[in-house]
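Residues per chain are reported as follows:
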Amino acid sequence: MDKAPTFAIHTLGCKLNYSESSAIAKKLAEEGFNKVAFKEQADVYIINTCSVTNEADKECRLIVRNVLNQSPGAFIAVIGCYAQLKPEEISKIEGVDLVLGASEKFNIAAYLKDLDKKTQTEIHSCEIEQPLNFHAAYSSGDRTRSFLKVQDGCDYNCSYCTIPLARGKSRSNTIENVIKDINEIALKGIKEIVLTGVNLGDFGAHSAPQKEDKEDFYELIKAIENTENNLRFRISSIEPNLLKNEIIEHVAGSQKFVPHFHIPLQSGSDDILKKMRRRYLSDLYSERVAHIKSLMPHCCIGVDVITGFPGETDEHFNETYKFLNELDISYLHVFTYSERSNTLAAEDNNIVPKDIRRKRNRMLQILSEKKLHHFYEQHIGTERIVLFESGNKKEGLLYGYTDNYIKVRTELSPELAYQKARVLLKGINTDGTVAIEIIDIFKEITESTLSASY
């Protein structure tokens, strides 16, 4: 019997990509392929790319070069957002055999019947305006948590973003199928599920022609609340205009959803928000944060922000800095603006010099560190539920996250790995994590009890 072909997959970018890579790996395994680590010898190397930054070309070339140095005769396939946006550009990278766009990446097994190196790169992509199917996916390589894809694509047209060009129109799974995925994940012993999507709050937007049959994100989280499992659920990034009060209020009273939101802002200046073609202004954003904190003062709130957008003056940046500094948030994800072809922003000649972009980025990074430290300090002396991850045997340490996303550290203990525990937060370590005292292992407590101890 011939030896089963081996494959390795490398994922760039967002949590959505990681969930899709897991789904692709699962399908290849069903087709008789054996998965190996990306650093090992393999017959096929798959690179699942991203389009969030303008470094995709450089990053992809470097990975291909490393693969060829390691396995000169290996078959190389490039898939994902960059593959949809610029397939011809990828085809010019020496050593790439196959490029699959948005509609074909889940059919990759069909293109791997012949693993001989190609003299000319094979490209399979579609016009992104064509209707695309929803492909369910969840990650399963981590015993602690799984990223569950429930929505894909985006109907928004932010002036800096290529994701609608890479992933197409908004589309979703059904609530029924999401619950089936959750039940599958629960059987794997995973303890936490992170709901992911390109525009998560848009879940169900095109679900049914009849209004009374329409599904939406609020209906989804209510259905999840009624599932019989001991999982905890985390909502990944959700647009402020789609984070309705009913969603916030549900999370505040939930036994399953943790008090943690990640809400993109991008700028604290209304002038820049309008240029970005965002669907809200700063007042709405601050209202959302205030409502969350009024119900859940212990809630962690993360924020995406972009520096150096075309036309962002010192005054605009100072508006953003002041807005964020005064806002009761927990941390920032700071992105330096990079020009991306086929976007309106790339046509704007009011370019912010790169050294100024980097300086503003650093200022916001420092602000983020201060915000996170302050958030951690607020919780010293309180009790939270922690989900521990795998330990670091070399360091003899074990790390985990509380329900409200505080990173904790303790001594490595086999009985704690991948488990939940009730802990006392004692103080902030020099590495920025929080020292803890274990109170109970596996013991669940209600949110009302936690609120009373805050």
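Residues numbered from 1 in each chain as written. Predicted model: local features only at pLDDT ≥ 70, side-chain atom pairs only at ≥ 80, totals over all residues. Heavy atoms only, no water.

**Student:** When you look at the packing of aromatic side chains in this model, what are you seeing that I'm missing?
**Tutor:** Ring pairs (aromatic) are described by centroid distance and by the angle formed between their planes. Under the defined criterion, the tally for this structure stands at nine aromatic pairs. Ring centres of Phe-309 and Tyr-337 lie 5.5 Å apart, and the angle between their planes is 70 degrees; this geometry places the pair in the edge-to-face category. One end of the pair, Phe-309, is in the loop between β14 (300-307) and α11 (314-326); the other, Tyr-337, is in the loop between β15 (331-336) and α12 (354-378), with 28 residues separating them in the sequence. Given the relative accessible area of 1%, Phe-309 is considered buried. The buried category is assigned to Tyr-337, whose relative accessible area is 3%. With 4.7 Å between their ring centres and 15 degrees between their planes, Tyr-401 and Tyr-405 make a pair best called stacked. (Phe/Tyr/Trp six-rings, centres within 6.5 Å; stacked < 30°, edge-to-face > 60°. Helix = DSSP H or I, 4+ residues; strand = E, 2+ residues; numbered from the N terminus. Buried < 20%, exposed > 50% of the residue type's maximum accessible area, 1.4 Å probe, protein only.)

**Student:** What is the right way to look at the packing of α11 against α12 in this model?
**Tutor:** Packed helices, taken two at a time, are described by the angle their axes make and the gap between the axes. For the pair α11 and α12, interaxial distance at closest approach is 11 Å and the crossing angle is 5 degrees. Overall, the two elements α11 and α12 adopt an arrangement that is roughly parallel. Residue-level contacts link Asp-314, Phe-317, Tyr-321, Leu-324, Asn-325 and Glu-326 of α11 to Arg-360, Met-363, Leu-364, Leu-367 and Lys-371 of α12. Classifying every residue of the contact of α11 with α12 by side-chain character gives six nonpolar, one polar and four charged. (Axes fitted to C-alpha atoms, helices over the stretch in contact; angles between N-to-C directions. Parallel < 35°, antiparallel > 145°, perpendicular 65-115°, else oblique. Contact = heavy atoms within 4.5 Å. Nonpolar A, V, L, I, M, F, W, Y, C, P; charged D, E, K, R; others polar.)

**Student:** How should I be thinking about the sheet that holds strand β7 (residues 137-138) in this particular structure?
**Tutor:** The strands making up a sheet are joined through hydrogen bonds of the backbone, oriented either antiparallel or parallel. Taken in spatial order, the four strands of this open sheet run β7-β8-β11-β12, and their pairing is mixed. The open sheet has two edge strands with one neighbour each: β7 and β12 (232-235). Pairing of β7 with strand β8 (residues 145-149) involves two bridges; the strand directions are antiparallel. Among the inter-strand pairings, Ala-137 is bridged to a residue of β8, identified as Lys-149. Its contacts with the sheet place helix α6 (residues 175-187) against β7, β8, β11 (192-196) and β12, and it is angled at close to 160 degrees to β8. (Pairing = 2+ DSSP bridges.)

**Student:** How should the confidence of the model for the protein be read in this particular structure?
**Tutor:** Should the pLDDT be low somewhere, the predicted coordinates at that spot are not to be read in detail. Here the protein averages 91 in pLDDT, while 94% of its residues score no lower than 70. Within the model, the stretch residues 443-454 combines pLDDT values under 50 with 26 contacts to residues more than four positions away or in other chains. (pLDDT = per-residue confidence, 0-100.)

**Student:** Which parts of the structure should I look at to understand the layout of surface pockets?
**Tutor:** Sizing a probe to match a water molecule and rolling it over the atoms shows the empty space that remains. What the second largest pocket holds in volume is close to 610 Å³. Considering the residues around the second largest pocket, the lining is formed by 27 residues, among which Ser-21, Ser-22, Ala-23, Tyr-138 and Ser-140 are closest to the centre. For the lining of the second largest pocket, the secondary-structure elements that each account for two or more residues are β1 (6-11), α1 (15-30), β7 and α6. Tallying contributions element by element places α1 first for the lining of the second largest pocket, with nine residues. Taken together, the residues that form the lining of the second largest pocket break down as 12 nonpolar, seven polar and eight charged. (1 Å grid on protein atoms, 1.4 Å probe; cavity = no way out; pocket = protein on both sides within 12 Å on 5 of 7 lines; lining within 4 Å. Points joined across faces, edges and corners; volume = space filled by probe spheres on them.)

**Student:** Help me understand the nonpolar core, please; the structure alone is not making it clear to me.
**Tutor:** Buried together is how nonpolar side chains tend to be arranged in soluble globular proteins. Counting residues in each nonpolar core, the largest one holds 48 residues, and the members touching the most others are Phe-217 and Phe-261. Top element by residues in this core is α6. It accounts for five residues. In this structure Phe-261 touches Ile-235, Leu-243, Ile-248, Val-251, Ile-292, Met-296, Cys-299, Cys-300, Ile-301 and Gly-302, once residues within four positions along its chain are discounted. (Core = buried A, V, L, I, M, F, W, Y, C linked by side-chain atoms within 4.5 Å.)

**Student:** Explain the pairing of strand β4 (residues 75-80) here, please?
**Tutor:** Side-chain direction in a regular strand flips from residue to residue, so the side chains alternate between the two faces of the sheet. Taken across its six residues, β4 has six buried, putting it largely inside the fold. Neither face of β4 is open: one carries Phe-75, Ala-77 and Ile-79, the other Ile-76, Val-78 and Gly-80, and all of them are buried. In terms of strand pairing, strand β3 (residues 44-49) meets β4 through six bridges, oriented parallel. Counterpart to Val-44 in the pairing with β4 is Phe-75. Inspection of the sheet shows β4 paired to strand β5 (residues 98-100) by three bridges, in the parallel sense. Note on β5: the bridge partner recorded for Ile-79 is Leu-100.

**Student:** Where do I start with the sheet that holds strand β20 (residues 434-441) in this structure?
**Tutor:** A barrel is described by the order of its strands in space; here five strands give the closed sequence β16-β17-β18-β20-β19, paired in mixed fashion. Direction aside, the axes of adjacent strands within the sheet are offset by 50 degrees on average. Where strand β16 (residues 383-392) lies against strand β17 (residues 397-402), five bridges are found, and the strand directions are antiparallel. In the sheet register, Gly-391 faces β17, and the bridge partner there is Leu-398.

**Student:** What am I meant to see in the state of the cysteines here?
**Tutor:** Note on terminology: a disulfide is the covalent bond linking the sulfur atoms of two cysteines. A complete count under the given rule lists zero disulfides for this structure. A disulfide-free cysteine, Cys-158 has its sulfur positioned 6.1 Å from the sulfur of Cys-161, the nearest such atom. (Disulfide = S-S within 2.5 Å.)

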